[in-house]
Amino acid sequence: IPLKTYLVLALLTLGTMGFSNSSLGYLNYPTQVIFKCCKLIPVLIGGILIQKKSYGLLDFLAAGSMCVGLTLFTLADSQMSPNFNTLGVMMISCALLCDAVIGNLQEKSMKTYKATNTEVVLYSYSIGFVYLFVIMLVSGDLVKGILFCSKVGNVSLFFKSKRTQVEYMKYFRH
């Protein structure tokens, strides 16, 4: 697979993770889950545009039914109502757009160049790490992150808690 493709995949991976995590600063968790439940629809559309796939009406009905079902299940299980902040909705929509392109671009590249999934993940995430490292170094967030983690103590417990990650995101807004 050409390096250019890996560079794009790495950027999209950062985009989907960054937009998704950042959206939690503006949306409550059930709202984010509702949007993520509907990921299948942009992925289908991406399949049509990127891979020139064709899907039947039954495929779209099944995807739509699954999205509606997962959304209703999430709402029924939720103790709070969804919170639709415009910026949060835009961020989670960008994450879904990145998700739609990633999967289809990976699949197309793997078929075209006979690459393994392991290879694609290794190179995409390695390049993504370099992107993120440079961004954090230039922005000063790397030092802030190290200082924050030194205050928390047990870093492994920090990364297991979604609530703490949201607090961490709020910490960086100052």
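Residues numbered from 1 in each chain as written. Predicted model: local features only at pLDDT ≥ 70, side-chain atom pairs only at ≥ 80, totals over all residues. Heavy atoms only, no water.

- The name given to the protein chain in an unreviewed UniProt entry is Adenosine 3'-phospho 5'-phosphosulfate transporter 2, with the source organism recorded as Timema podura.
- The protein chain has a UniProt comment under Sequence similarities (unreviewed entry) that states "Belongs to the nucleotide-sugar transporter family. SLC35B subfamily."
- For the record of the protein chain, the UniProt heading Subcellular location (unreviewed entry) holds the text "Golgi apparatus membrane". (UniProt positions renumbered as here; feature names shortened; annotations may be inferred.)

1. A few points about the UniProt feature "transmembrane region" (unreviewed entry) in the protein chain
Consideration 1: According to UniProt, the positions carrying the feature "transmembrane region" (unreviewed entry) are residues 7-27, 57-76, 82-102 and 122-140.
Consideration 2: Taken end to end, residues 7-27 is 81% helix and 0% strand, and its two terminal C-alpha atoms sit 30 Å from one another.
Consideration 3: Structurally, residues 122-140 is divided into 95% helix and 0% strand, and its ends, taken at the C-alpha atoms, are 27 Å apart. (Helix = DSSP H or I, 4+ residues; strand = E, 2+ residues; numbered from the N terminus.)

2. What to know about the pattern of salt bridges
Consideration 1: Enumeration according to the criterion identifies 3 salt bridges in this entry.
Consideration 2: The shortest N-O distance in the salt bridge between K36 and D99 comes to 3.1 Å. A residue pair is termed long-range when its members are at least 10 positions apart, and K36 in helix α2 (residues 29-37) and D99 in helix α5 (residues 86-113) qualify at 63 residues.
Consideration 3: The class for K36 is partly exposed, based on a relative accessible area of 29%.
Consideration 4: Residues K53 and E107 are paired through a salt bridge, measuring 3.0 Å at the closest nitrogen-oxygen approach. Here E107 lies in helix α5 and K53 lies in the loop between α3 (40-50) and α4 (57-77), a separation of 54 residues in the sequence.
Consideration 5: The structure contains a network of salt bridges with shared partners spanning K53, E107 and K111. (Salt bridge = Lys/Arg side-chain N within 4 Å of Asp/Glu carboxyl O. Buried < 20%, exposed > 50% of the residue type's maximum accessible area, 1.4 Å probe, protein only.)

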